[in-house]
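Here is what each chain is made of, one letter per residue.
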2 protein chains.
Amino acid sequence: MNYDKYSQGPCPIARALLRVGDSWTMLILRNASWGETRFDQFLKGLGISPNILTRRLGDLTDAGLLERRRYSERPPRDEYVLTPRGHELIPILQALGAWGAKHYGEGGTSRLVDAVSGKKVTPIVVDAVSGKPMSELETRVAPPARRA
Amino acid sequence: MNYDKYSQGPCPIARALLRVGDSWTMLILRNASWGETRFDQFLKGLGISPNILTRRLGDLTDAGLLERRRYSERPPRDEYVLTPRGHELIPILQALGAWGAKHYGEGGTSRLVDAVSGKKVTPIVVDAVSGKPMSELETRVAPPARRA
């Protein structure tokens, strides 16, 4: 990705992808949402190489999705915890998972369930105001609002 | 991404990312949702290199998100149109855009509006059954359901 081009442009999808438009990045966030926080947990859980993991954790921290916290002074060890901004991305990953389960679910996939009732939860994207599924809305992209 | 590992695994997020976990792929789908269909439109609209575009269009066609249609026999020319599966991904990109606008919106970003009323539309991920925002639900991941 051409950082300058996409970070300056008006499209918020491109700006988001600049921060999270990479499979490892998304999978690190997924694992963080399951409560993983430590380098070794991500390393083992993802089968990612240590140098890619180091780079992605740094990028996610810089972008404000993870917060680095020192949990041991001797030896010095950090853990990585989702920020509110990172937390807000998780439902989008869950919606992506629902789409993946529907279209690439051969042989069965893991399911998202309510932690209390155990009932299946199905993430869907709606318009916050009307509650209508986005798939039923006709939309268009308008240029940035002008400043007063 | 390790194709074998992620395509066989039970996580539907990983299976989805295997098909669309790349910024160019997502941006091609975004532009397709705007009505772009032709190689030259994507090339110009995205500033992508021709060989990467060729590869991504092939991958998206193989994954069933785009359908290749011949629109000229002489010279032979194809266009690429979103399939229903591809269309179903667009709301997720729109939710990603809302997240991007909220967190990386410095200087203003383009806005998604209702094509008829012109009112701002705000995509949010909710549980389809209860209508509750996913961010307010406590969920857990359950293993694939056993087959009867």
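Scroll up to find the structure this text is about.
Parameters and conventions
- Every chain begins its residue count from 1, and numbering advances along the sequence as written.
- To read the labels, note that chains go from A and ligands from 1, taken in the order they are written.
- Per-residue local features are limited, in this predicted model, to residues with pLDDT of at least 70; the limit for side-chain atom pairs, both in listing and counting, is 80 or more; totals at the level of whole chains, interfaces and linings are taken over all residues.
- Hydrogens are left out, water is left out, and the side-chain values use all remaining heavy atoms of the structure.
- The rule for a salt bridge is simple: a side-chain nitrogen of Lys or Arg has to be within 4 Å of a carboxyl oxygen of Asp or Glu.
- Helical segments are the DSSP runs of H or I of at least four residues, strand segments are the runs of E of at least two, and each set is numbered from the N terminus.
- The classification of residues rests on relative accessible area computed with a 1.4 Å probe and restricted to protein chains. Under 20% of the type maximum is buried, over 50% is exposed, and intermediate values are partly exposed.
- Here the copies were fitted onto each other by least squares, based on C-alpha atoms from residues at pLDDT of at least 70 in both.
- Every residue pair with non-hydrogen atoms within 4.5 Å of one another is taken to be in contact.
- By convention, the term buried area covers the 1.4 Å-probe accessible surface removed from two parts as they join, with the contributions of both added.
- In the analysis that follows, any N or O atom pair within 3.5 Å is treated as a polar contact, provided that within protein one partner can donate a hydrogen and the other can accept it, and provided that, for residues neighboring in sequence, both atoms belong to side chains.
- Residues are grouped as follows: nonpolar covers Ala, Val, Leu, Ile, Met, Phe, Trp, Tyr, Cys and Pro; charged covers Asp, Glu, Lys and Arg; every other residue, Gly included, is treated as polar.
- When DSSP finds two or more bridges between two strands, those strands count as paired.

## Some words on the pattern of salt bridges
Here comes step 1: Applying the stated rule across the entire model yields 13 salt bridges over all chains.
Here comes step 2: Arg56(B) serves as the salt-bridge partner of Asp22(B), at 2.9 Å between the closest nitrogen and oxygen. Of the two residues, Asp22(B) is situated in the loop between helix H2 (12-20) and helix H3 (23-33) and Arg56(B) in helix H5 (residues 50-62); the sequence distance between them amounts to 34 residues.
Here comes step 3: Taking the relative accessible area as the measure of exposure, Asp22(B) reaches 22% and is therefore partly exposed.
Here comes step 4: For Asp78(B), the salt bridge identified is with Arg70(B), shortest N-O distance 3.0 Å.
Here comes step 5: Note on Arg70(B): relative accessible area 46%, which makes it partly exposed.
Here comes step 6: The network of salt bridges with common partners includes Arg68(A), Arg70(A) and Asp78(A).

## Remarks on the relation of the copies chain B and chain A
Here comes step 1: If you rotate chain B by 180 degrees and push it 0.0 Å along the axis, it lands on chain A with an RMSD of 0.0 Å. The superposition of one copy onto the other is thereby described by a two-fold rotation axis. Residue Val125(B), judged by its C-alpha, is the member of chain B lying nearest the rotation axis, at 2.2 Å.
Here comes step 2: The share of interface residues of chain B whose copies in chain A are also at the interface is 100%, consistent with both copies meeting through the same surface.

## Considerations on the side chain of Thr25(B)
Here comes step 1: Structurally, the position occupied by Thr25(B) is in helix H3.
Here comes step 2: Not counting the four nearest positions on each side in its chain, Thr25(B) is found in contact with Arg19(B), Val20(B), Arg56(B) and Leu60(B).

## Quick look at the interface of chain B and chain A
Here comes step 1: Each partner contributes residues to the interface: chain B has 73 residues there, and chain A has 73 residues.
Here comes step 2: Taking both sides of the interface into account, the surface hidden between chain B and chain A amounts to around 7100 Å²; carbon and sulfur atoms contribute 64%.
Here comes step 3: Residues Glu88(A) and Lys102(B) are paired through a salt bridge, measuring 3.0 Å at the closest nitrogen-oxygen approach.
Here comes step 4: Counting the contacts that link chain B with chain A gives 34 residue pairs in polar contact (both at pLDDT 80 or more).
Here comes step 5: Counting only elements with at least two residues in the side of chain B that touches chain A, the list comes to helix H1 (3-8), H2, H3, helix H6 (84-103), strand S3 (111-114), strand S4 (123-127) and strand S5 (139-142) of chain B.
Here comes step 6: For the side of chain B that touches chain A, the element with the highest residue contribution is H6(B), accounting for 15 residues.
Here comes step 7: A breakdown of the residues in the side of chain B that touches chain A according to their chemical character gives 42 nonpolar, 16 polar and 15 charged.
Here comes step 8: As paired elements, strand S4 (residues 123-127) of chain A and S4(B) share five bridges and run antiparallel to each other. Its bridge partner being in S4(B), Val125(A) is matched across the sheet by Val125(B).

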